[in-house]
Amino acid sequence: FISVTSNGTLPFQVATLSDGNWLQIDTPTGNTPATIQVRANTSGLAQGTYSGTVTVRSGSLTSTDIPVTLTVGPPASVGLQPASLSFSYTIGDAAPATQTSRINSLSSTPQNFTFTTTASNPSGWLLASANQNVTPAVISVQVLPANLSPGTYTGLVNIQPSVANASPQPIQVTLTV
C-alpha cells in the first residue's frame, strides 16, 4: 500500500511501469489523502528479479517515482496460518495480547526453519519466538507499543526453511497506535 498525502485535497494520477507488466494498481486516479493498493501479478513469470516503478503525479510539475522490486523464487516448502497479524493499541492501555501463527510443512516431511523480525522505524517494537524450530510449530508474535507515537507500523516475521532453494515465507504484522 502507498499512502498519498498533501497539505490539502489535491487530485492525483498513478501509473505503473514494469518489465513483463507484472506491477498493477487498482485506482489510477484519486484525491489526497488516499491509500493506493499495489499488486504483483506473477502469473507467467519465471524465477528471477523484476523491476518496476509506481509514479504518483499531481498536476504537471509534481511527480514521485517509487521503485518496486519483485523476486520470484522457488516454491514454498512451509505454509503459514495465518500469514498476517494485526494489532491495535490505545496509548495508556496495556500492550495487546500476543498472537500466534502456525507453521506447517507443505510436504509429508517435517521442515527445519529459522526466523527473523524486521520492523518499520523505530525498531524494537516487534518480537517473535517459536515453540520449536521444526514443523509443525507455532510462532508467537508480541508488540511493544508503549513508546510509539500514533500511527500505523508494519513489520515482518520472516520464516526461512532450511530446505535448499526454499522460498522464505513472511508473516506480515501491522500495528495501529
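No experiment lies behind these values; they were computed from the predicted model shown.

A. Quick look at the layout of surface pockets. Taken as a whole, the largest pocket holds about 720 Å³ of empty space. In this structure, the largest pocket is lined by 21 residues; those nearest its centre are F1, G155, L156, P170 and Q172. Of all the elements in the fold, those that place two or more residues in the lining of the largest pocket are β6 (38-40), β8 (62-72), β12 (113-119), β15 (152-161) and β16 (169-176). Residue composition of the lining of the largest pocket, grouped by class: 11 nonpolar, 9 polar and 1 charged. For the second largest pocket, the calculated volume is near 170 Å³. Residue lining of the second largest pocket: 15 residues in total, with V4, T5, V56, S58 and T62 positioned closest to the centre. Counting residues per element, the lining of the second largest pocket draws most heavily on β8, at 4 residues. For the lining of the second largest pocket, the per-class residue count stands at 6 nonpolar, 8 polar and 1 charged.

B. View of the side chain of S77. Inspection of the secondary structure assignment puts S77 in the loop between β8 and β9 (78-81). What S77 contacts, discounting residues up to four positions off in sequence, is N104, S105, L106, Q111, P161, V163 and A166.

Rules behind the numbers
Residues numbered from 1 in each chain as written. Predicted model: local features only at pLDDT ≥ 70, side-chain atom pairs only at ≥ 80, totals over all residues. Heavy atoms only, no water. 1 Å grid on protein atoms, 1.4 Å probe; cavity = no way out; pocket = protein on both sides within 12 Å on 5 of 7 lines; lining within 4 Å. Points joined across faces, edges and corners; volume = space filled by probe spheres on them. Helix = DSSP H or I, 4+ residues; strand = E, 2+ residues; numbered from the N terminus. Nonpolar A, V, L, I, M, F, W, Y, C, P; charged D, E, K, R; others polar. Contact = heavy atoms within 4.5 Å.

By themselves, these are just geometric observations and shouldn't be taken as functional.
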